[in-house]
Amino acid sequence: MRVTAVEPLQCDAGWTAWTFVKVTTDAGITGYGECTDWRGAHALAGGIRDLAPLVVGRDPGAIRAIVRDLSRHTQQNLGGLLTKSIAGIELALWDIQGKALGVPVHRLLGGPTRDRVRLYWSHFGSYRARSPEILGAPPLRTWDDVAELGREAVRRGYTALKTNIFAPGEPANFWTRGDANLDRDTLDTAVRLIGTLREAVGPRVDICLDLNFRFRPEACIKLVRALEPFDLRWIEIDMYDPAALRDIRDAAPMPLASLESLNTVRDFLPFLEAHAVDVAIIDVPWNGLAQSVEIATLAATYETNVAPHNYYSHLATFIAAQWSACVSNLAMMEVDVDSAPWRDEIVTALPEIADGHMKIPNAPGWGTDLDEAAIAEHPWPRPD
């Protein structure tokens, strides 16, 4: 079996674009991967096209050799969008291998370690605050609306959620101030948001708050201390300095999660050596499957749990679930419940979710395929 073509597929995702990789073979088997990053969708597609000639004609089962050669070819551009393009290609090759052998991908890596994975509803309220018209969801105009959203999560069986700092209004205010300082208004909003959600969901639902790259350590420490009464499952903070992150972890009364923006084992190592995080978040569409498993194994040697970074299409959710089945030190799995209304249409099988858990897929490959005709109905870039 040989690879005959490697190409990007892109789909309008409402406020962003989903970027997929399609790899075809002379045996009639097609594999799909995903490497979505809305910050560089054009560049991702270009990277996939640039790398395609290095893959066409090769044995798709020689996954590690192909990734090694693609990494050598791009070694002067370590990390970033080309690394993500390689990851998307690699994921499509794993899909081919699973389909060729008639097994789910986790079987290729010695899985499963579990038959279902606990989920947390990510960007909880955040997307509704920013784009209710795209979602077809009610806007969040009042704090009562936020509380009702919390009660909706409980009714739908979710036992964990993660949000960002936002305030309801007409329109809602999604906090994106860029000076990295914490003013009183932002602090008060964060405390009221988490307090409203805690009261709405009760004491048994885990709540996480994601700060992304928005604050420096001084501000983070002040914020985490203010949130101590609400028993957060974790505070999520992105930062590229292991020592600074360790300082925040030492001051935080709740666990600290981070590292979703890192690529390669090499990047994760200094943070793990510094014991800078309680939960290492690993982006499988950006790191590829093999390396993501290696990062999780490395984290386990430092007694650190892991969680997949997953805010993409359903294909990425299936990929994250297959990876989650293979690792022993999993905390829980991220999933976006709110998304573009046509997200369900572009795949051939949907995640099986019940009681806040997703069943590990057991169909060959990832367990779902892309519906290319449905993708074509939602082109990206959008026509003028």
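Residues numbered from 1 in each chain as written. Predicted model: local features only at pLDDT ≥ 70, side-chain atom pairs only at ≥ 80, totals over all residues. Heavy atoms only, no water.

A. Inspection of the pairing of strand E8 (residues 206-212) at higher detail. Here E8 lies mainly inside the structure; 6 of its 7 residues are buried. Sheet topology places strand E5 (residues 160-163) next to E8; 4 bridges connect them, and they run parallel. From the neighbouring strand, Ala160 faces E8, where its bridge partner is Asp206. As paired strands, E8 and strand E9 (residues 234-237) are joined by 4 bridges and run parallel to one another. Across the sheet, residue Asp210 finds its bridge partner in E9, namely Glu236. Note that the unit made of E8, helix H9 (residues 217-226) and E9 has a crossover that is right-handed. (Buried < 20%, exposed > 50% of the residue type's maximum accessible area, 1.4 Å probe, protein only. Helix = DSSP H or I, 4+ residues; strand = E, 2+ residues; numbered from the N terminus. Pairing = 2+ DSSP bridges. Right-handed = clockwise from strand over helix to strand, strands pointing away.)

B. Region of the structure containing helix H3 (residues 80-101). With 22 residues, H3 should cover 32 Å at 1.5 Å per step; its first-to-last C-alpha distance of 32 Å lies within 8% of that length. Once H3 finishes, Gly102 follows within two positions and takes phi at roughly 75 degrees, a positive value. (Expected span 1.5 Å × (residues − 1).)

C. Layout of helix H2 (residues 63-73). When H2 is considered as a whole, its buried residues turn out to be Ile63, Ile66 and Leu70. Here the buried residues of H2 occupy an arc of 70 degrees about the axis, which is enough to place them on one side. Within H2, the exposed residues directed more than 90 degrees away from the buried face are Arg64 and Arg72. (Arc of directions from axis to C-beta.)

D. Highlighting the packing of aromatic side chains. Taken as a whole and assessed by the stated rule, the structure comprises 7 aromatic pairs. Between Phe213 and Tyr240, the ring centres sit 5.1 Å apart and the planes meet at 45 degrees, which makes this aromatic pair tilted. Taken together, the positions of Phe213 in the loop between E8 and H9 and Tyr240 in the loop between E9 and helix H10 (242-251) put the pair 27 residues apart, joining distant regions of the chain. Residue class for Phe213 comes out partly exposed when judged on its relative accessible area of 41%. The exposure class assigned to Tyr240 is exposed, which follows from its relative accessible area of 56%. For the ring pair Tyr311 and Tyr312, a centre distance of 4.6 Å and an interplane angle of 40 degrees mean the geometry is tilted. (Phe/Tyr/Trp six-rings, centres within 6.5 Å; stacked < 30°, edge-to-face > 60°.)

E. Structural detail: the pattern of salt bridges. Under the counting rule described, the total for this entry stands at 23 salt bridges. Of the charged contacts in the structure, one is a salt bridge between Asp338 and Arg128, with a shortest N-O distance of 2.9 Å. Linking Asp338 in the loop between strand E13 (333-336) and strand E14 (353-354) with Arg128 in helix H5 (residues 126-130), this pair joins segments that are 210 residues apart in sequence. One salt bridge connects Glu148 with Arg155, and the closest N-O pair in it is separated by 2.8 Å. Classification of Glu148 as partly exposed rests on a relative accessible area of 33%. A network of salt bridges, in which partner residues are shared, links Arg58, Arg68, Asp69 and Arg72. (Salt bridge = Lys/Arg side-chain N within 4 Å of Asp/Glu carboxyl O.)

F. Structural detail: the pairing of strand E11 (residues 279-282). Alternating residues of E11 divide into Val279 and Ile281 and Ala280 and Ile282, and every residue in both groups is buried. By the bridge criterion, 2 bridges tie strand E10 (residues 256-258) to E11 in an arrangement that is parallel. When the bridges of E11 are listed, Ala257 appears paired with Val279. Bridge analysis of E11 against strand E12 (residues 305-308) gives 4 bridges, and the strand direction is parallel. Considered in E12, the bridge of Ile281 is made with Ala307.

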